Amino acid sequence: MDIHSLQTRLRAFSAERGWEPHQNPKNLAMAMVVEAAELVEIFQWLSPAQAADLASDAARQQHAGEEIADVLVYLLQIADRCGIDVEAAVERKMALNALKYPVPTALSTAAQQVAVIDWRAVDAPARFVHSLLHTGFAVLTHHPIDTALLRRIEDEWDAWLASPAVDNCRFDPLTQDGYVGPERSETAKGQTEKDLKAFFHHYPGGRYPQELSDAALRYRAQAEALAAQLLDWVQQHAPEAARQSFPQPLPEMIAGSRQTLLRILRYPPLRGDEPAGAMRAAAHEDINLLTVLPAAREPGLQVLGRDGLWRDVPGDAGWLVVNTGDMLQEASGGVFPSTTHRVVNPAGEAARRARLAMPLFLHPRPEVRLSARHTAASYLDERLRELGLRAP
């Protein structure tokens, strides 16, 4: 089919009948929708099998062909009136679709996309757990955490973490709370360079900067309550193999725990003289059961798929990112993956801006047994020594 020749014939056909004054793009589009509805009407009461076998009914097949022709005629006329090269438009759209929907690998790409879930939805618990099982991550919208409170915390702590006041709350290796500066920051397992970040650790009843409001403490209470609810979702919707592996119900593991950690992070602006290979947060896995993380104002969080590809974690303002940690992987016998993730260094103007993050790491009580080989205490001790936050 020569599209340009067909459009020329359609133009002449309309001109001979005096229709051209009425065939503006709006009227043509409305007429096309009517013809499309007539095509739909042919299939309206057919079963999927009958619709797929339309060729066995010659009359119905001819009727469908006529309606398809009507739709195509109007589309070509709309393109003609709007000066759109149909062939070029189709080629461009196919190229864009190829980028947007790449050919899946053996492991379905779709299955590796982190789900964005409305916390209020009836099916939210099941979808949340499904996403954790397949990607180790899930993103919640319309959650109960006060987003205005989050913005206040970011502004307060951005200034405080970059001020001399941090010297009054330096990190205590015995209590594991306080401020850790970039010079002592973590070195992720298997990495040689320290992460480009500073952070403050807060445990229940632990030290807290006197210069700041209680906004972070109020956020902590909200996040901890939500994390407990999400852990209950995991318990209720986990596969049978995981539930059989849990040494005890997950909600019981955190009952009365004072180990849950609030970490407020500041990734400082990049100066350009950072060590080669150093990142804001090198590839790592979290230690705990679940991590609750309000999406940062700046991008950079990525998750490693099972196909070896890094993917950006969805994170619009006000959303909440949740991921599984090593302890949940251990307790579930590996059913729930503790997925590798990182925070990459930005480029351009974003490199000159700080990035704030405030993850809450949900931990069980120290004596809780995760598996035959580990209690929560022994597992945490092992990982903290690997990170350099506890003496070997």
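Here, the structure is the one placed above.
Asker: Tell me about the packing of helix α1 (residues 3-16) against helix α4 (residues 58-82), residues and numbers included.
Answerer: Look at α1 against α4: their axes get within 10 Å of each other, and the N-to-C directions meet at 90°. Classified by the angle between their axes, α1 and α4 sit roughly perpendicular to one another. From α1, Ile3, Leu6, Gln7, Leu10, Arg11 and Ser14 reach across to α4, where they touch Val73, Leu76, Gln77, Ala79, Asp80 and Arg81. Here the contact of α1 with α4 is built from residues that sort into six nonpolar, three polar and three charged.

Asker: A description of the sheet that holds strand β6 (residues 281-284) should follow, citing residues and the corresponding values.
Answerer: Judged by pairing direction, the sheet is antiparallel, and its four strands sit side by side in the order β6-β11-β8-β9 without closing on themselves. Strands at the two margins of the open sheet, each flanked by one partner only, are β6 and β9 (310-312). Pairwise comparison of adjacent strand axes, ignoring direction, gives a mean angle of 20° for this sheet. Two strands pair when backbone bridges link them, and β6 and strand β11 (residues 341-343) are joined in this way by two bridges, in the antiparallel orientation. Within β11, the position partnered with His284 by the bridge is His341.

Asker: So, the nonpolar core: which residues are in play, and what are the values?
Answerer: Counting 63 residues, the largest nonpolar core has Phe128, Ile153, Trp157, Trp160, Tyr219, Leu230 and Phe336 as the members making the most contacts within it. For this core, the element with the most residues is helix α8 (residues 215-237), which contributes ten residues. Ranked by size, the runner-up nonpolar core spans 16 residues in total, among them Ala281, Val303, Val313 and Ala357.

Rules behind the numbers
- Residues numbered from 1 in each chain as written.
- Predicted model: local features only at pLDDT ≥ 70, side-chain atom pairs only at ≥ 80, totals over all residues.
- Heavy atoms only, no water.
- Axes fitted to C-alpha atoms, helices over the stretch in contact; angles between N-to-C directions.
- Helix = DSSP H or I, 4+ residues; strand = E, 2+ residues; numbered from the N terminus.
- Parallel < 35°, antiparallel > 145°, perpendicular 65-115°, else oblique.
- Contact = heavy atoms within 4.5 Å.
- Nonpolar A, V, L, I, M, F, W, Y, C, P; charged D, E, K, R; others polar.
- Pairing = 2+ DSSP bridges.
- Core = buried A, V, L, I, M, F, W, Y, C linked by side-chain atoms within 4.5 Å.
- Buried < 20%, exposed > 50% of the residue type's maximum accessible area, 1.4 Å probe, protein only.

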